[in-house]
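# Reading the structure
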Amino acid sequence: MGSKNTRQSGSAEAGTRDEAQTPAPPSQDRPASPTKQPSADSPRALGSGGRRRSSGTSRRSGRFSVLSHPTSLAERTQGKFTFAGPDDTPQVRRAHEPFVQPGYADLNPEYDQASSAKPVWSLAKPLPRVVRPGMVPTREELLSKPEVPAENSQKLGLDVDLSELEKGRIQKSTNPRKIAAQVADARRRREANLVKKLLSGDAASTRRSSSSIRPSSNRSKSAATSGLPVDQLTPVEEGEPLTEDQVEDARQDQDDDVLEDVPDERSPLLGDQTDSNIDEKNVPEDLHPLVAELVEDEIHNHHTTWSVIRTHHREALAEFLAVYVQLTVGFCADLAVTFANAGNPNTTAWAWGLATMMAIYISGGVSGAHLNPAVTVVLWFYRGFPTRKLPDYFGAQFIGAFLAAISAYGIYYGPIQHYLSTNPDGIVGSFVTGPQSPWITPVTAFFNEFAGAGILIITLLALGDDQNAPPGAGMNSLIVGLIITCLSVTFAYETGGALNPSRDFGPRLALLLLGHGRELFTKSWYWLYGPWAGALGGALVGAFLYDFLIFTGGESPINYPLERTQRALKKTQMKWKRRLHLA
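All of these numbers come straight from a predicted model, not from anything done at the bench. (Residues numbered from 1 in each chain as written. Predicted model: local features only at pLDDT ≥ 70, side-chain atom pairs only at ≥ 80, totals over all residues. Heavy atoms only, no water.)

Here the structure, examined in full by the defined rule, presents 15 salt bridges. The shortest N-O distance in the salt bridge between aspartate 466 and arginine 129 comes to 2.6 Å. You can see aspartate 466 sitting in the loop between helix H21 (442–464) and helix H22 (476–495) and its partner arginine 129 sitting in the loop between helix H7 (109–112) and helix H8 (139–143), a full 337 residues away along the chain. Residue class for aspartate 466 comes out buried when judged on its relative accessible area of 13%. Taken together, the salt bridges that share partners define one network made up of Lys118, Glu298, Glu315 and Lys389. (Salt bridge = Lys/Arg side-chain N within 4 Å of Asp/Glu carboxyl O. Helix = DSSP H or I, 4+ residues; strand = E, 2+ residues; numbered from the N terminus. Buried < 20%, exposed > 50% of the residue type's maximum accessible area, 1.4 Å probe, protein only.)

The following block contains the structure:
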């Protein structure tokens with residue numbers, strides 16, 4: 001749209017400079033220029049539920065488009081300065097879209113679906129936002145809801161605004177009881193409104209579609225990214241950025257639209273409002289399946305029999321391949337440094353970092369490229385990674401590590417035999433980790449792995465938090481690789497820096513199979529208290545620290561009540577007991 005006008009603006013018919021800079025009234029049948037995107041508080045952003053990014057603005061005169069004035073960094077970022085760099089622009093995103101021949105999407109419908117048709121807990125992009133059982137109220141909690149809104153706040157004599165309360169704008173107070181009362185009232189109102197939407201068949205309105213459709217799609221990209229039909233998108237006029245008053249008016253209008261189907265009824269303290277009751281007959285016993293149905297069904301090509309098999313095991317296969325490539329490259333780098341007597345640990349640190357980057361690029365969009373059971377466990381406990389996928393991921397990670405060690409041993413078989421003739425067991429340190437010097441005590445080795453894994457997880461969760469400072473598209477893999485390089489330089493001196501149970505345990509099994517003796521497991525118990533207890537413990541503690549101090553998402557158990565967490569755990573236990581025929 002905007003590119004055609006830009007090319008025409010340089011023609012001889014452009015007219016005078018003053019005429020070109022005179023803004024024309026916005027046309028009703030002309031869409032907004034792609035160079036102007038609404039901010040996070042604009043009507044379009046509020047209506048879609050997604051985060052929209054702003055860029056530079058332009059004015060339009062007739063059918064010619066020229067820049068009215070050069071924009072400053074403050075205008076382009078709207079004052080939101082960050083060391084992560086400015087946000088990308090629509091022009092940059094479109095420049096990276098591939099050519100798609102007509103008819104390709106008809107033969108391969110999987111390509112035409114949104115990339116976020118299902119959640120992927122990936123280290124290559126921001127982590128998904130999912131509704132977990134602990135966030136959803138039970139039938140008893142909904143039906144036992146007080147008949148008047150903000151009852152807890154009223155008991156403490158608080159004068160609260162219902163619309164502000166529902167949006168989580170809690171009044172500051174030095175009394176924790178007052179804060180807790182408002183939090184409970186706000187949570188009940190939000191949950192009741194969500195249930196009413198689900199039971200009224202308006203579940204589609206709660207669905208967030210945050211990714212654009214492929215270029216071959218006939219649907220509008222702007223509609224796909226915002227989650228609204230084209231005719232319902234609010235046009236944004238070109239020109240100066242919206243003022244604070246305009247943004248606040250738009251937000252208020254949007255809030256009125258969202259809350260209009262939930263009538264507020266005054267209580268004695270708030271007026272003549274009472275909450276409308278939820279029909280008991282329509283409320284299911286478990287609301288979580290209703291919420292889970294909001295995930296879109298995937299589309300697959302399935303041209304061959306193997307394609308069907310691959311679809312059902314694609315995530316595990318992708319995770320296996322990524323781990324295999326990462327560890328094969330890492331083990332070969334360690335062997336090369338050992339045989340060359342280079343004596344520079346930074347060489348292997350860079351090799352491990354770049355190998356991790358390669359692995360994330362390989363499977364980041366399919367399995368998420370966890371590459372580490374500690375990462376999988378953290379994403380399961382704190383971000384809602386499905387429990388049913390844990391065995392597949394653990395199996396892929398440990399089998400990938402085992403076969404990577406076998407492959408690296410086979411690739412360097414000749415040099416290994418020559419080196420072992422003068423240095424018995426000299427290559428064990430190239431495959432497994434452990435105390436590198438006699439003065440490294442078990443306590444020191446444990447906390448070395450504990451601290452390294454904790455820092456790794458904190459950084460990974462920060463990269464995956466779309467409300468923090470996520471890097472640009474495609475940069476996560478490179479950044480995670482640099483993180484591994486840094487951590488290898490920092491924590492490899494004392495123990496080798498496993499930070500990963502499968503990275504140490506798989507090679508130990510491989511070396512045992514290759515005849516290097518049971519001493520790998522019996523000589524020292526480091527393999528148990530280091531990569532297992534240390535890495536897993538540090539990962540869980542690191543994730544707790546990030547969620548407790550920074551993360552605001554409701555999917556973390558840190559951010560919903562303790563009784564909800566206990567209830568979810570009990571439901572999970574009962575479910576597994578039924579599956580195992582123990583109940």
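Here the narrative resumes, following the displayed structure.
Another aspect to go through is the packing of helix H16 (residues 314–340) against helix H19 (residues 390–411). H19 packs onto H16 with a crossing angle of 35 degrees between their chain directions and a minimal axis gap of 7 Å. Considering the relative orientation of H16 and H19, their crossing is right-handed. Residue classes in the contact of H16 with H19 are distributed as 17 nonpolar, 4 polar and 3 charged. (Axes fitted to C-alpha atoms, helices over the stretch in contact; angles between N-to-C directions. Left-handed = near helix turned anticlockwise from the far one by under 90°. Nonpolar A, V, L, I, M, F, W, Y, C, P; charged D, E, K, R; others polar.)

Moving on to the UniProt feature "transmembrane region" (unreviewed entry) in the protein. Taking the numbering used here, the UniProt-annotated feature "transmembrane region" (unreviewed entry) corresponds to residues 320–340, 360–382, 394–414, 439–463, 475–493 and 526–546. Note that residues 360–382 is 61% helix and 0% strand, and that its end C-alpha atoms are spaced 21 Å apart. Helix makes up 88% of residues 439–463 and strand 0%, with an end-to-end C-alpha separation of 36 Å. (UniProt positions renumbered as here; feature names shortened; annotations may be inferred.)

In a regular helix each residue adds 1.5 Å, so 23 residues correspond to 33 Å; H21 covers 33 Å between its end C-alpha atoms and thus fits that length. Looking only at H21, the buried set comprises Ala445, Asn448, Glu449, Gly452, Ala453, Gly454, Leu456, Ile457, Leu460, Leu461, Leu463 and Gly464. (Expected span 1.5 Å × (residues − 1).)

Scanning all chains against the criterion turns up 24 aromatic pairs. Plain terms: the ring middles of phenylalanine 381 and tyrosine 382 are 4.9 Å apart, the flat faces sit at 75 degrees to each other, and that makes the pair edge-to-face. Judged by relative accessible area, which is 33%, phenylalanine 381 ranks as partly exposed. Taken together, the ring pairs in this structure connect Phe398, Phe505, Phe521, Trp525, Trp527 and Trp532 into an aromatic cluster. Seen from the ring of phenylalanine 551, arginine 383 lies directly overhead, with NZ or CZ sitting 3.8 Å from the centre. Over the ring of tryptophan 576 we find arginine 579, and its NZ or CZ is 4.8 Å from the ring centre. (Phe/Tyr/Trp six-rings, centres within 6.5 Å; stacked < 30°, edge-to-face > 60°. Lys NZ or Arg CZ within 6 Å of the ring centre and 35° of its normal.)

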